[in-house]
Amino acid sequence: MNVAKKIYQYADPNLELVGWMGALGFPAYYYIWTYLYPQPYENAPLRFFCALMLLALALRKHIPPPYQRYLPYYYLASITICLPFFFSFMMFMNEWSTVWAMSFMSSIFLHVLLVHETRVMLLQATIAILSAYLLSYGLDHAPSHVESEVVVIWPYIPIFLFTYIFGNLFYFRNQVEHESKVSIAKSFGAGIAHEMRNPLSALKTSIDVLDSSLPAVKTIQGDKAQIDKIEIERMKEVLTGADEVIRNGNEAIDLLLTSIDQSRVSSSTFRRHSVEHVVRQSLASFSYPSDHAKRAVSLHVEQDFDFFGSDTLLKYALYNLLKNSLYYQNGEEFKVAITISRDQDVNALYFEDNGVGIEKDKIGFVFKDFYTSGKSSSYGLGLPFCKRVMHAFGGQIRCESELGEWTRFTLKFPQYESQKVSTIKQEIIRTKSVLYIGDDKSVRRKLNEFTFYSGAACDVVSFEQARVKEEYEFEYDLILIDLDGCSEQEYLMLESQLHFTEAKIVMLYTQAGQYHNRFSRFLTFYPKDKAQFVVDIHQCIDALIFDNSEPNRNLIPKQAKPVVGKRILVADDNESIRLFTSILLNKQGYQVSQAGDGNEVIDVLNSEAVDLILMDLEMPILDGLETTVVIRESEALYANVPILGHTGDSREETLSKIEQAGMNGYLLKPVDKTKLLDKLADYI
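Values in this document were obtained by computation on a predicted structure and should not be read as measured data.

(A) Structural view of helix 22 (residues 624-633). Here helix 22 has its buried residues at Gly624, Leu625, Thr627, Thr628 and Ile631. Viewed along the axis of helix 22, the buried residues span an arc of 160 degrees, placing them on a single side of the element. In this fold, the buried residues of helix 22 make contact with helix 21 (598-607), strand 15 (612-616), strand 16 (643-647) and helix 23 (652-661). Two or three places before Leu625, at the opening of helix 22, Asp623 has a side-chain oxygen 3.1 Å from that residue's backbone nitrogen.

Next comes the structure, spelled out in structure tokens:
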């Protein structure tokens, strides 16, 4: 019963088509072989019976439910009668004619496709062909000349056997491969469930912490509730941690789904990365089982190098190596040493531990799918994934070990400027799309040359054509906007359609030009000198697609514009800094107000219309960060005034606090005149 069900379920998606083809085909070919190309023997009742059997399969969904459980048996019986029995019987009765020998061969192919179980298919064929043979040569209506002697064309027999046996073998291999892929998918499904339990547990804990920090509804008096500053800080920390958990969870899903494809790793997100930066991020974000395990891992950087690939994929490859090392650790003195090394020939990352080691006869299997040793709840897919990642990067991974002593994995990366990396880039660029908005003939000509040699897709439109596009029509990898080809008003009309595109936006400018400064601060773009772009378009596009450069909108030459009437509030507890900054800004035409602490800032805002605040972070009473939070949370008109932090502390922690408080940007002390005025011009 189980075998019959399995065969039926496998064939079920095609049964409606098979049923209707048989129900119509059997009568149709009766007409063909009787009237158009007459054959010695035909059998209308048998054809009608087969057509009815297959019609029942086509209409099987309309069969009453109590009888549907018998469909697997009915399917096997109908296939046996309608394929091997019918076609062998008709071949025998037509004296092994060429037409019916070919028809019987066709029925073999259909039989192999519709019944994938070898034993069942061969049993059906044997019973059906023997029955057809006995009926053909043992009845009165058998061919007249075989009454005294059975005629068999023996050269046909090995051909039929070859088709049945080898056709089935080839199909069986495809079926095994299909079931293997299903097994892999199931394993990765279990892997996803396993990997996602930790981030989901962390999110659940974050929700519990937030819930405990919020006041109970019953205790709230009126419409507003008071929350202590400490509780707010704790909630912000929880939300930041939760955001990191979500990001890691998404990366885990991407990793696991990408890994299902055993033949390759997607290279669509490959970029230039510092290996030291990725390794440090990996070690910082890895979920260590204990503080002792964290202290056991050390990093030694002889010389950093850049690699071409995905930081996420390398990060998870390192996670796999760390998990394995910590699982197979050996004693209290366990250590993991990671070394980054670079020379003229080799960029390498060495990952070595003094754990239990690997037996020599097992080292050759560690990179094989599903191979695992002494590890429960493991699918044996981690190290094979590492190997696929390194091959996708154009590199390799090697394992060496001494049982009971140490294990070392060597990850070798090609030089960033190597031919291997260039080849991978060329394959990626062929999949990229570019949109140029402008009318410069030299840029258009260079883009045509680039697309011809690189294989990338490129569309060229004018500003008038771009403005009538819908938002979804800007889904490109790279959008080039020629600032010389549009007015300020034309640009602003276009900009509103670019906020939702995932393309990297490039503004082409000329050094001698002067441009407006009304670019939205919520739009990220990369300025590029048009002359440089035209001279070396291949290198420029390569850098734009693959390098992780920071956007610097201050590169675009700005129009000199009047600032008379614009008021800037300089907030700093250092009177000398306030005085000298005010003098400088007054000379540029700005009106300036001053404040020595946060409370004075609020007083000025309540009494004057301010266009921008230059805010020192370290001030008495109410510091710059606290003042910014008060401003942003107020319901006054000045809640959205641009605020630039002014600080001498460039630590990542401080810059993060500036962003979290709601400041629009920052300037590092001491700041020169040009940088100060350029930064102010971005917001006024």
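Picking up after the structure, the text goes on.
(B) A look at the UniProt feature "modified residue: 4-aspartylphosphate" (unreviewed entry) in the protein. Look at the UniProt record and you will see "modified residue: 4-aspartylphosphate" (unreviewed entry) annotated at Asp616. Among the structural elements, Asp616 can be located in strand 15.

(C) Inspection of the environment of Ile32 at higher detail. Note on placement: Ile32 falls in helix 1 (residues 2-36). A relative accessible area of 21% means that Ile32 is categorised as partly exposed. Beyond its immediate stretch of four places on either side in the chain, Ile32 contacts Tyr37 and Pro38.

(D) Up close: the confidence of the model for the protein. Overall, the prediction assigns the protein a mean pLDDT of 83, with 85% of residues at 70 or greater. Under a pLDDT of 50 for its full length, residues 144-148 has, in the predicted model, 5 contacts with residues more than four places off or in other chains.

(E) Quick look at helix 23. Buried residues of helix 23: Thr654, Ile658 and Ala661, and no others. What you see down the axis of helix 23 is that its buried residues fit within an arc of 75 degrees, all on one side. Exposed and oriented more than 90 degrees from the buried face of helix 23 are Glu652 and Glu659. On its buried side, helix 23 packs onto helix 22, strand 16 and strand 17 (665-668).

(F) Representation of the sheet that holds strand 16. The 5 strands lie next to each other as 14-13-15-16-17, forming an open sheet whose pairing is parallel. The open sheet has two free edges, formed respectively by strand 14 (591-595) and strand 17, since each of these has just one partner strand. Direction aside, neighbouring strands of the sheet carry axes that sit 20 degrees apart on average. Relative to strand 17, helix 24 (residues 673-681) is tilted by about 175 degrees, and along the sheet it contacts strand 13 (567-571), strand 15, strand 16 and strand 17.

(G) Looking closely at the pairing of strand 12 (residues 525-529). The element strand 12 is largely enclosed, with a buried count of 5 among its 5 residues. In strand 12, alternate side chains face the same way, and those of Phe525, Pro527 and Asp529 on one face and Tyr526 and Lys528 on the other are all buried. Sheet topology note: the strand 11 (residues 504-509)/strand 12 ladder contains 5 bridges and is parallel. Each residue of the ladder has a partner; that of Tyr509, found in strand 12, is Asp529.

Calculation notes
- Counting starts from 1 at the beginning of each chain's written sequence and moves along it residue by residue.
- Under the rules for a predicted model, residues below a pLDDT of 70 receive no local features and side-chain atom pairs below 80 are neither given nor counted, while totals for whole chains, interfaces and linings still include all residues.
- Values reported for side chains reflect all heavy atoms of the structure, with hydrogen atoms and water molecules removed beforehand.
- When a residue's accessible area, from a 1.4 Å probe over protein chains only, is under 20% of the maximum for its type it is buried; when over 50% it is exposed; and in between it is partly exposed.
- What counts as a helix is a DSSP run of H or I of at least four residues, what counts as a strand is a run of E of at least two, and both are numbered from the N terminus.
- As used here, the arc is the angular range of directions from the helix axis to the C-beta atoms.
- The contact criterion used throughout is that any non-hydrogen atoms of two residues lie within 4.5 Å.
- Within 3.5 Å is the distance limit for a polar contact, defined as a pair of N or O atoms, with the added protein rule that one can donate a hydrogen and the other accept it, and that residues adjacent in sequence qualify only through two side-chain atoms.
- UniProt positions are given in the numbering used here, feature names are shortened, and annotations may be inferred rather than shown by experiment.
- The pLDDT value expresses, per residue, how confident the predictor is, ranging between 0 and 100.
- At least two DSSP bridges between two strands are needed for those strands to be called paired.
- To get an axis, a line is fitted to the C-alpha atoms, and for a helix only the part in contact is used. The angle between two axes follows their N-to-C directions and goes from 0 to 180 degrees.

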